[in-house]
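# An overview of the molecular structure
This is what each chain is made of:
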Amino acid sequence: MASDDTQMFKKIVNDPIHGHIELHPACVAIIDTPEFQRLRFLKQLGLVYFVFPGAAHNRFEHSIGTCHLAGQFARCLQQNQPRLGVTDKDILCVELAGLCHDLGHGPLSHLFDQKFIPGTEAKKHWKHEEASKAMLDHLIDEHSLMAKGGKLSQYLDEADITFIKEQIDGSRFSSSGEWTCSGRGKEKGFLYEIVSNKRNNVDVDKFDYFARDCHHLGIKNNFDHLRYMRFARVIEVDSEPQICIRDKEIANLYNMFYTRYTLHKYAYQHRVKSIIETMVLDAMLLADQHLTFKGKTNVPLKLSDCIHDMTAYTSLTDDVLFTILYSTSQASDMTQARQIMERIFNRDLYVCVYDSKPLKYDLLKNDEAEIKRSVFSRAQQYEASVTEEDVAVHIAYLDFGMKGQNPVEKLNVYTKHDMEKATRLHQEEASRILGPTTFQEFVVRIMCCVRDTKKCTAIKKASLEVMES
């Protein structure tokens with residue numbers, strides 16, 4: 001297709017964060033499928049909306065924003081360093097990776113993949129990135145996008161589709177350090193750092209959702225992603241081309257990591273949100289066996305099995321809350337699940353009887369299940385009627401994105417005096433007053449799941465003894 005025809009089929013989207021976004025026809029072809037349109041019905045922040053009324057934005061708009069920033073970043077590298085050989089086709093593939101990186105997200109943000117799926121009978125180890133790649137394959141096949149005459153076939157080949165999926169996954173090297181990607185060679189390995197950067201977590205996915213979430217939550221965002229991209233430069237480090245930054249941009253990067261911490265502390269890990277998330281998880285686990293969705297062969301699949309069938313998975317949205325709430329099933333589990341949902345909508349929430357101060361990560365000796373067992377055992381000594389189901393525990397993790405590590409020390413930095421050489425920057429080299437000395441903390445919240453004064457008192461007393469003895 002001629003370039004003027006490509007221009008004719010582009011679309012313009014007016015985005016509240018990035019302004020007018022121009023979308024390539026290949027991006028439009030994917031957006032105009034039911035599988036992508038489903039993202040309109042997945043709130044970006046899931047249950048945070050129950051606390052922050054402004055947090056109603058969705059993964060549809062975030063995906064388009066990430067696509068836009070991915071293209072901006074790739075073009076910046078192309079224009080600033082022509083020797084890199086970044087082609088327009090490379091840029092399109094990077095845009096499509098940004099567009100499709102969240103295709104596989106389940107209902108209610110990360111509650112589905114990080115809590116619900118691991119909590120089901122199969123104890124499945126599964127990440128939403130796997131579903132994103134499977135969903136991309138599914139929608140391409142379902143709508144014949146790569147068939148002869150298909151809407152993607154005129155722009156991409158199979159190696160490009162592989163490249164897009166590899167970017168979504170983010171893994172590039174084997175455990176022995178061997179290059180594992182086949183979509184692009186190691187000489188273009190820096191392109192894999194734009195959408196999902198496993199090296200230091202600095203990527204356009206975060207650029208968009210930090211800006212977007214701050215906008216809708218009313219929280220200040222001091223990170224300037226456009227400035228970061230302007231000063232980014234590809235330099236060979238350890239025989240591998242990597243995206244590096246100017247030394248003077250460290251303060252800007254710290255702003256990004258502090259923004260992440262702030263969003264987690266005041267919104268993503270908000271106490272009331274944690275309580276509601278615990279309640280919804282309880283309801284979903286109870287309802288799992290009773291909620292069915294039609295799969296590719298028309299065989300009904302239970303909620304947790306939909307991750308293996310993209311036809312069924314396409315049916316999963318945040319409406320699962322209302323599916324449970326309005327269920328007419330008389331099964332005991334569904335009745336309990338429905339009652340929990342009714343409590344949420346009546347604001348009759350679990351009672352938080354213990355909310356620790358932020359603690360150092362090295363003090364965390366037990367997981368949620370072990371803490372729950374200890375509190376339950378101790379609570380029974382004060383009130384015999386307490387059951388294990390009356391106790392719920394949630395651990396909120398707060399960090400800079402790399403658990404206990406300082407992400408700044410994962411960055412490769414260059415100076416204006418030598419723009420072809422980059423080195424690792426230690427924290428004290430960046431600033432002695434800028435960065436923290438601890439990069440991960442946690443908060444333990446213990447809840448009483450019933451409105452019973454005696455039980456709540458017993459669980460609170462037990463919680464204090466278990467956590468502060």
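Residues numbered from 1 in each chain as written. Predicted model: local features only at pLDDT ≥ 70, side-chain atom pairs only at ≥ 80, totals over all residues. Heavy atoms only, no water.

Note the threshold: UniProt positions are given in the numbering used here, feature names are shortened, and annotations may be inferred rather than shown by experiment.
Per an unreviewed UniProt entry, the chain goes by HD domain-containing protein and derives from Lymnaea stagnalis. Quoted straight from UniProt, the Sequence similarities (unreviewed entry) entry for the chain says "Belongs to the SAMHD1 family."

### Observations regarding the overall build of the chain
Applied cut-off: Under the scheme used here, helices are H or I runs from DSSP no shorter than 4 residues and strands are E runs no shorter than 2 residues, and both carry numbers assigned from the N terminus. Relative accessibility thresholds used throughout: buried, under 20% of the residue-type maximum; exposed, over 50%; partly exposed, between the two (1.4 Å probe, protein chains only). Residue contacts are defined here by distance: any two heavy atoms, one from each residue, within 4.5 Å place the two residues in contact.
Helices and strands together make up the secondary structure of the chain, namely 18 helices and 12 strands. Oriented by its inertia axes, the alpha-carbon framework of the chain measures out at about 75 × 60 × 45 Å. Burial statistics for the chain: of 469 residues in total, 55% are counted as buried. Sequence separation of 24 or more characterises 70% of the internal contacts of the chain that already satisfy a separation of 6 or more.

### Considerations on the packing of aromatic side chains
Between two aromatic rings, the relevant description is the distance of the centres plus the angle of the planes. The cut-off we apply is this: Working definition: rings of Phe, Tyr and Trp (its six-membered ring) pair if their centres are within 6.5 Å, and the pair is stacked with planes under 30 degrees apart, edge-to-face with planes over 60 apart, and tilted otherwise. In our convention, an over-ring charge means Lys NZ or Arg CZ found within 6 Å of a ring centre and within 35 degrees of that ring's normal.
Evaluated as defined, the whole model comprises 16 aromatic pairs. Ring geometry for Phe73 against Tyr228: centres 6.0 Å apart, planes inclined by 80°, an arrangement best described as edge-to-face. Taken together, the residues Phe73 in helix H4 (residues 59-80) and Tyr228 in helix H10 (residues 225-231) connect sequence positions 155 residues apart. We note that Phe73, like Tyr228, is buried. Look at Trp126 and Tyr313: their rings are 6.2 Å apart centre to centre, the planes differ by 70°, and that puts the pair in the edge-to-face class. Taken together, the residues span a long stretch of sequence, with Trp126 in the loop between helix H6 (110-119) and helix H7 (128-142) and Tyr313 in helix H13 (residues 310-313) at a distance of 187 residues. Comparing Trp126 with Tyr313 shows no difference in burial state: the two are buried. Across the ring face of Tyr49, the terminal group of Lys43 is positioned such that the distance to the ring centre comes to 4.7 Å. The ring of Phe231 has Arg230 lying over it, and the distance from NZ or CZ to the ring centre is 5.7 Å.

### Section: the environment of Phe257
Looking at the element boundaries, Phe257 is found in helix H11 (residues 250-268). Not counting the four nearest positions on each side in its chain, Phe257 is found in contact with Asn200, Val202, Phe400, Pro407 and Val408.

### Considerations on the state of the cysteines
Working definition of a disulfide: a covalent bond connecting the sulfur atoms of two cysteines. Here is the rule: Here, a disulfide means two cysteine sulfur atoms that sit within 2.5 Å of each other.
Scanning the entire structure with this criterion turns up zero disulfides. No disulfide involves Cys93; its sulfur sits 10.0 Å from the nearest other cysteine sulfur, which is in Cys27. Judged by its relative accessible area of 0%, Cys93 falls in the buried class. Cysteine Cys244 is unpaired, with the sulfur of Cys76 as its nearest cysteine sulfur at 14 Å. When its relative accessible area of 0% is taken as the criterion, Cys244 is described as buried.

### Some remarks on a nonpolar patch on the surface
As a reminder, the rule being used: Each patch groups residues whose relative accessible area exceeds 30% and which form no salt bridge, using 9 Å between like charges and 5 Å between nonpolar side chains of Val, Leu, Ile, Met, Phe, Trp and Tyr. Residue-level accessible areas treat just the shown protein chains as cover; the underlying method is Shrake-Rupley with a 1.4 Å probe. Here a salt bridge means any side-chain nitrogen of Lys or Arg lying within 4 Å of a carboxyl oxygen belonging to Asp or Glu.
A contiguous nonpolar surface patch, about 330 Å² in accessible area, is contributed by Phe322, Tyr326 and Phe345. The class for Phe345 is partly exposed, based on a relative accessible area of 39%.

### Comments concerning unusual backbone geometry
We note that Ser239 has phi near 60°; this positive angle belongs to a residue other than glycine. Mapped onto the elements, Ser239 comes out in the loop between strand S3 (233-237) and strand S4 (240-246). Although it is not a glycine, Asn298 adopts a positive phi angle of roughly 70°. Tracing the sequence through the fold places Asn298 in the loop between strand S5 (292-294) and strand S6 (300-302).

### Side note on the pattern of salt bridges
Side chains that carry opposite charge are capable of pairing whenever their charged atoms lie near each other. Summed over the entire model, instances satisfying the criterion amount to 32 salt bridges. When the shortest N-O distance is used, the salt bridge between Arg75 and Glu95 registers 3.0 Å. Highlighted residues: Arg75 in helix H4 and Glu95 in helix H5 (residues 88-100), separated in sequence by 20 residues. One network of salt bridges, with partners in common, ties together Lys89, Asp90, Asp157, Asp160, Arg184 and Lys188.

### Points about helix H12 (residues 271-287)
Using the following cut-off: In this scheme, a helix's expected span is set at 1.5 Å multiplied by one less than its residue total.
The end-to-end C-alpha separation of H12 is 25 Å, in line with the 24 Å expected for 17 residues at 1.5 Å each. The buried count for H12 comes to 13 of 17 residues, which makes it a mostly enclosed element.

### Let's talk about the packing of H12 against helix H15 (residues 332-345)
Worth spelling out the cut-off: In this description, a line fitted to the C-alpha atoms serves as the axis of each element, helices being fitted only across the stretch in contact, and the angle between N-to-C directions of two axes falls anywhere from 0 to 180 degrees. Angle categories: roughly parallel below 35 degrees, roughly antiparallel above 145, roughly perpendicular from 65 to 115, and oblique for all the rest. Should the near helix be turned anticlockwise from the far one by less than a right angle, the crossing is left-handed, and should it be turned clockwise, the crossing is right-handed. In this classification, the charged set is Asp, Glu, Lys and Arg, the nonpolar set is Ala, Val, Leu, Ile, Met, Phe, Trp, Tyr, Cys and Pro, and all remaining amino acids, among them Gly, are polar.
In contact at an axis separation of 8 Å, H12 and H15 are set at 160° when each is read in the N-to-C sense. When the interaxial angle is binned, H12 and H15 end up roughly antiparallel. The interaxial crossing formed by H12 with H15 has left-handed handedness. Judged by residue contacts, Ile276, Met279, Val280, Asp282, Ala283, Leu286 and Ala287 of H12 engage Asp333, Met334, Gln336, Ala337, Ile340, Met341, Arg343 and Ile344 from H15. Within the contact of H12 with H15, the residues separate by chemical class into 11 nonpolar, one polar and three charged.

### Comments concerning the sheet that holds S3
What counts here: Paired strands are those between which DSSP finds at least two bridges.
Ordered by their spatial adjacency, four strands build an open sheet running S3-S4-S10-S11, and the pairing between neighbours is mixed. Looking at which strands have only one partner, the edges of the open sheet turn out to be S3 and strand S11 (418-424). Adjacent strand axes in the sheet meet at a mean angle of 50° when their direction is disregarded.

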